[in-house]
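A look at the structure
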Amino acid sequence: MADLEVRDLSKSYPTRSGDLEILSGVSFELNRGENLAILGPSGSGKSTLLHCLGTLESPTSGTILLEGQNPFELPEAKLADFRNEQIGFVFQDHHLLPQCTVLENVLLPTLAKGKSSQEAIERAKSLLDRVGLGERHDHRPAEISGGERQRTALARALILQPLLLLADEPTGNLDRSTAAKVSELLLELQNQENFILVVVTHSLELAQQMERQAELNEGTLPTPTSTT
Ligand code: ADP
Ligand code: MG
């Protein structure tokens, strides 16, 4: 069994004129260390798919298994823990807390269980070194650049060593050369940490760096093809 198995996933939203089907029978599987770029026009359901993979939204039908576990079978509180510990998110907007420092932002996911341990603080510092922010621990988000904010968000997403990292247009707000550095980092960190990486992107440059690409079209995702 693959580390991530998506089987026949469908998602519809009820509307006044009937159910609006966004995803219809999406299936694929990925193992640790593998990555996938999801392409598709605006409104094609890319974020909806990512939200389902991230357990932020439940599918209408179909199953998602992470290391054999169906997270939607967990009780609410356990699901929140599962999401916090197993899944990292990077969005187009960094979603950093403006009142917290860079280091505090990276440590936020570790606060779910109370105070951050010394071990967590050491890991946060090491991640910040690896994303090139070793000298920026005490800065606040307003005091760093857009690329640095996105690199902080990446460190935060990885602090608890997730099995799955989901990135929704992670370079969408960055200029080309900053975007290239952030995508390079994403892949470098994946190499080091061996998580599963799923990236939604409009950037062909980023998509082509991934091992597999698939385009969402009318709710269906063809079997991801590998370019490598
Ligand atoms: P993408 O990320 O590819 O641009 P989305 O996944 O955000 O697309 O949205 C896909 C479609 O689902 C859009 O047509 C959007 O209007 C619709 N949609 C998203 N969320 C909801 C919701 N909560 N209720 C109804 N329709 C929604
Ligand atoms: Mg979207």
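Preceding block: the structure.
**Details of the overall build of the protein chain**
- Per the secondary structure count, the protein chain includes seven helices and nine strands.
- For the protein chain, the C-alpha radius of gyration of 17 Å lies close to 17 Å, the compact-globule estimate for 228 residues.
- Seen through its C-alpha atoms, the protein chain measures out along the principal axes to roughly 50 × 40 × 40 Å.
- Buried positions account for 50% of the 228 residues belonging to the protein chain.

**Topic: the pattern of salt bridges**
- Across all of its chains, the model carries nine salt bridges by this definition.
- When the shortest N-O distance is used, the salt bridge between Arg 212 and Glu 34 registers 3.4 Å. Taken as a pair, Arg 212 in strand E8 (residues 212–215) and Glu 34 in the loop between strand E2 (18–30) and strand E3 (35–39) lie far apart in primary sequence, 178 residues in all.
- Look at the salt bridges and you will find they share partners, linking Glu 34, Glu 211 and Arg 212 into a network.

**Describing the packing of helix H4 (residues 118–130) against helix H6 (residues 176–193)**
- For the pair H4 and H6, interaxial distance at closest approach is 11 Å and the crossing angle is 135 degrees. One way to sum up the angle between H4 and H6 is to call them oblique. Of H6, the residues touching H4 (which contributes Arg 123, Leu 127 and Arg 130) are Leu 185, Leu 189, Gln 192 and Glu 193.
- Each residue belonging to the contact of H4 with H6 can be placed in one class, and the counts come to three nonpolar, one polar and three charged.

**A word on the nonpolar core**
- Residues Leu 128, Leu 154, Leu 165, Leu 189 and Leu 197 are the most contacted members of the largest nonpolar core, which totals 32 residues.
- Counting residues per element, the ones that place at least two in this core are E3, helix H3 (102–107), H4, helix H5 (146–158), strand E6 (164–168), H6, strand E7 (196–200) and helix H7 (204–209).
- Not counting the four nearest positions on each side in its chain, Leu 154 is found in contact with Val 90, Leu 165, Leu 185, Leu 186 and Leu 189.
- If you look at the next biggest cluster of nonpolar residues, it comprises 28 residues, including Phe 28, Phe 82, Val 198 and Leu 221.

**Here's the deal with the sheet that holds E7**
- Pairing is mixed across the open sheet formed by six strands, whose spatial order is E5-E6-E7-E3-E8-E9. This sheet does not close on itself; its edge strands, each paired only once, are strand E5 (87–90) and strand E9 (225–226).
- Against the sheet, helix H1 (residues 46–53) makes contact with E3, E5, E6 and E7, and its axis sits at roughly 155 degrees relative to E6, the strand it touches most.
- Contacting E5 and E6, helix H2 (residues 76–86) crosses the sheet at an angle of about 65 degrees to E5.

**Let's talk about the side chain of Glu 5**
- Here Glu 5 is to be found in strand E1 (residues 4–15).
- On the accessibility criterion, Glu 5 (8% relative accessible area) is buried.
- At 2.7 Å, the side chain of Glu 5 forms a polar contact with the side chain of Arg 7.
- Beyond its immediate stretch of four places on either side in the chain, Glu 5 contacts Phe 28, Glu 29, Thr 63, Ile 64 and Leu 65.

**Quick look at the sheet that holds E1**
- Strand order in the open sheet made by the three strands is E2-E1-E4, with antiparallel pairing throughout. Every interior strand has two partners, whereas the edge strands, E2 and strand E4 (61–66), have only one. On average, each strand axis in the sheet is inclined to that of its neighbour by 25 degrees, with strand direction left out of account.
- The sheet contact formed by E1 and E4 spans five bridges and is antiparallel. Residue pairing for E4: Leu 4 is matched across the bridge by Leu 66.
- Across the sheet, H1 lies against E1, E2 and E4, angled at about 120 degrees from E1, the strand it touches most.

Calculation rules
Note on numbering: residues in each chain are counted from 1, in written sequence order. Chains carry letters from A onward and ligands carry numbers from 1 onward, assigned in written order. Under the rules for a predicted model, residues below a pLDDT of 70 receive no local features and side-chain atom pairs below 80 are neither given nor counted, while totals for whole chains, interfaces and linings still include all residues. Side-chain calculation: all heavy atoms of the structure are included, whereas hydrogens and water are not. Put simply, DSSP H or I for four residues or longer makes a helix, DSSP E for two residues or longer makes a strand, and each gets a number counted from the N terminus. As defined in this context, the radius of gyration uses C-alpha atoms, and a globule is described by 2.2 Å times the residue total to the power 0.38. Residue exposure (1.4 Å probe, protein chains only): buried if accessible area is under 20% of the type maximum, exposed if over 50%, otherwise partly exposed. A carboxyl oxygen of Asp or Glu within 4 Å of a side-chain nitrogen of Lys or Arg is what we treat as a salt bridge. Axis definition: a line fitted to C-alpha atoms, limited for helices to the stretch in contact. Angles are taken between N-to-C directions and run from 0 to 180 degrees. Each angle gets one of four labels, with under 35 degrees taken as roughly parallel, over 145 as roughly antiparallel, 65 to 115 as roughly perpendicular, and the rest as oblique. Working rule for contacts: check all heavy atoms of both residues, and any pair within 4.5 Å makes them a contact. All residues other than Ala, Val, Leu, Ile, Met, Phe, Trp, Tyr, Cys, Pro, Asp, Glu, Lys and Arg, Gly among them, are scored as polar; the first ten of these are nonpolar and the last four charged. Buried Ala, Val, Leu, Ile, Met, Phe, Trp, Tyr and Cys residues that are joined via side-chain atoms within 4.5 Å together make up what is termed a nonpolar core. Two strands qualify as a pair provided DSSP detects at least 2 bridges between them. N or O atoms closer than or at 3.5 Å make up a polar contact, with two conditions inside protein: a donor-capable atom paired with an acceptor-capable one, and, for residues adjacent in sequence, both atoms drawn from side chains.

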